[in-house]
Amino acid sequence: VVQHGEPKRSDSYEDPLRWSFLPSNGVQLANSEHVSEFESDICVVKALAMHRPTHEPWREASGDYPYSWHLKGRKRLWEIRLQLRFKKVPTNKVYFGVELPDCEAAVGAMRHLKDMVLKCVQGVVGDFYYAAGDNPGDVKEGEEMEPGTFVMPLWAFDQFHVAEVGEEPDITGDLEGIGMKRSDGLKAYITSLKSCIASFSTDKVYTFSIWGVS
């Protein structure tokens, strides 16, 4: 019997999704039994990446993959959970972002599709920053090359929760009913999260989740 927070695992299962903190402290795996941790001079972060077995779809029927108790039957293909405690309160705006892998510039229909997707994202999250990244061949010696980048405000997360230190939820477990979700009402969600941001504290633990269907 698999309980919440105890991901069902197969000895033969290996998820292809890889990720890393920036600056990198090594390649991390999706669907790990344990959270990955990172510490900077600003905060301590715990992270977990969940991913459905899109590379082995036959596992869906049996639920023979990690975190199937949470992902099976949902539309989302992935979910990222972050939990952080500030070592010092931020003095500037805080954003959530990812560095994208190198890719060729979109042209023609693909460029049009990309522009449509970005407009949809803007309609959902509002303020965000996207850069396709510099072509290495166009960067002069001594210049800094901008990687592919996608950065969003914190209300782009789908769920958040604030807890006293020691009372934070286990991000490998069931977060249903914990904190607040965007789906509960966007206006109230953004208002609540902005209030949270305005009162960031070193004595609280902040948990964020974001998920997607592609």
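Not measured: the values here are computed from a predicted model.

Draft legend 1. Molecular detail of the side chain of Arg-52. Here Arg-52 is to be found in the loop between strand 4 (43-51) and helix 1 (59-62). In this structure Arg-52 comes out as buried when scored by relative accessible area, which is 13%. Looking at Arg-52, its side chain comes within polar contact range of the main-chain oxygen of Arg-76, at 2.9 Å. If we skip the residues at most four places from it in the chain, Arg-52 touches Asp-15, Glu-60, Tyr-65, Leu-71, Arg-74, Lys-75, Arg-76 and Leu-77.

Draft legend 2. Up close: empty space enclosed by the protein. Here the structure, examined in full by the defined rule, presents 1 cavity of 30 Å³ or more. In terms of lining, the largest cavity is formed by His-70, Arg-74, Arg-76, Glu-79, Arg-81, Gln-159, Leu-175, Glu-176, Lys-181 and Trp-211. Among the residues forming the lining of the largest cavity, the class breakdown is 2 nonpolar, 2 polar and 6 charged.

Draft legend 3. Here's a closer look at the nonpolar core. Membership of the largest hydrophobic core comes to 28 residues, with the highest contact counts inside it found for Phe-96, Met-152, Leu-154, Phe-157, Leu-193, Tyr-206 and Phe-208. Secondary-structure elements contributing two or more residues to this core are strand 4, strand 5 (78-86), strand 8 (148-153), helix 4 (186-198) and strand 11 (204-212). Residues in contact with Phe-157, not counting those within four places in the same chain, are Leu-82, Phe-96, Arg-182, Tyr-189, Phe-208, Ser-209 and Ile-210. One finds Leu-48, Met-50, Tyr-65 and Leu-71 within the second-largest nonpolar core, a separate group that totals 8 residues.

Draft legend 4. Layout of the layout of surface pockets. The volume enclosed by the second largest pocket comes to roughly 210 Å³. Surrounding the second largest pocket, 13 residues form its lining, Asn-92, Lys-93, Val-94, Trp-155 and Ile-197 being those nearest its centre. In the lining of the second largest pocket, the residues fall into 10 nonpolar, 1 polar and 2 charged.

Draft legend 5. Looking closely at the sheet that holds strand 10 (residues 180-181). Strands sit in the order 3-4-5-11-9-10 across an open sheet of 6 strands; the sheet is antiparallel. The outermost strands of the open sheet, each flanked by one partner alone, are strand 3 (36-39) and strand 10. Judged from the 4 bridges that link them, strand 3 and strand 4 form a sheet pairing that is antiparallel. Paired with Glu-39 across the two strands is Val-44, which belongs to strand 4. Packing against the sheet, helix 4 makes contact with strand 9 (159-164), strand 10 and strand 11, and its axis sits at approximately 35° to strand 9.

Draft legend 6. Representation of the pattern of salt bridges within the structure. For the structure shown, the criterion picks out 10 salt bridges. Of the charged contacts in the structure, one is a salt bridge between Glu-14 and Arg-18, with a shortest N-O distance of 2.9 Å. Look at Glu-14 and you get exposed, because its relative accessible area is 56%. Its salt-bridge partner being Glu-79, residue Arg-81 comes within 2.9 Å of it at the nearest N-O pair. The exposure classification of Arg-81 matches that of Glu-79, with both residues buried. Residues joined by salt bridges that share partners form a network here, namely Glu-56, Arg-59 and Asp-64.

Draft legend 7. How the structure looks around the sheet that holds strand 8. Pairing in this open sheet of 3 strands is antiparallel, and the strands run 6-8-7 from one edge to the other. Of all strands in the sheet, those bounded by a partner on one side alone are strand 6 (95-100) and strand 7 (129-131). Between one strand axis and the next, the sheet turns through 10° on average, direction left out of account. The sheet contact formed by strand 6 and strand 8 spans 6 bridges and is antiparallel.

Draft legend 8. Seen up close, the packing of aromatic side chains. Inspection of every chain in the model, using the stated rule, returns 9 aromatic pairs. A centroid spacing of 5.0 Å and a plane angle of 35° characterise the contact between Phe-157 and Phe-208, whose relative ring orientation is tilted. Placement of the pair is Phe-157 in the loop between strand 8 and strand 9 and Phe-208 in strand 11, with a sequence separation of 51 residues. Classification of Phe-157 by relative accessible area gives buried; the value is 2%.

What counts as what
Residues numbered from 1 in each chain as written. Predicted model: local features only at pLDDT ≥ 70, side-chain atom pairs only at ≥ 80, totals over all residues. Heavy atoms only, no water. Helix = DSSP H or I, 4+ residues; strand = E, 2+ residues; numbered from the N terminus. Buried < 20%, exposed > 50% of the residue type's maximum accessible area, 1.4 Å probe, protein only. Polar contact = N/O pair within 3.5 Å; in protein donor to acceptor, adjacent residues only side chain to side chain. Contact = heavy atoms within 4.5 Å. 1 Å grid on protein atoms, 1.4 Å probe; cavity = no way out; pocket = protein on both sides within 12 Å on 5 of 7 lines; lining within 4 Å. Points joined across faces, edges and corners; volume = space filled by probe spheres on them. Nonpolar A, V, L, I, M, F, W, Y, C, P; charged D, E, K, R; others polar. Core = buried A, V, L, I, M, F, W, Y, C linked by side-chain atoms within 4.5 Å. Pairing = 2+ DSSP bridges. Axes fitted to C-alpha atoms, helices over the stretch in contact; angles between N-to-C directions. Salt bridge = Lys/Arg side-chain N within 4 Å of Asp/Glu carboxyl O. Phe/Tyr/Trp six-rings, centres within 6.5 Å; stacked < 30°, edge-to-face > 60°.

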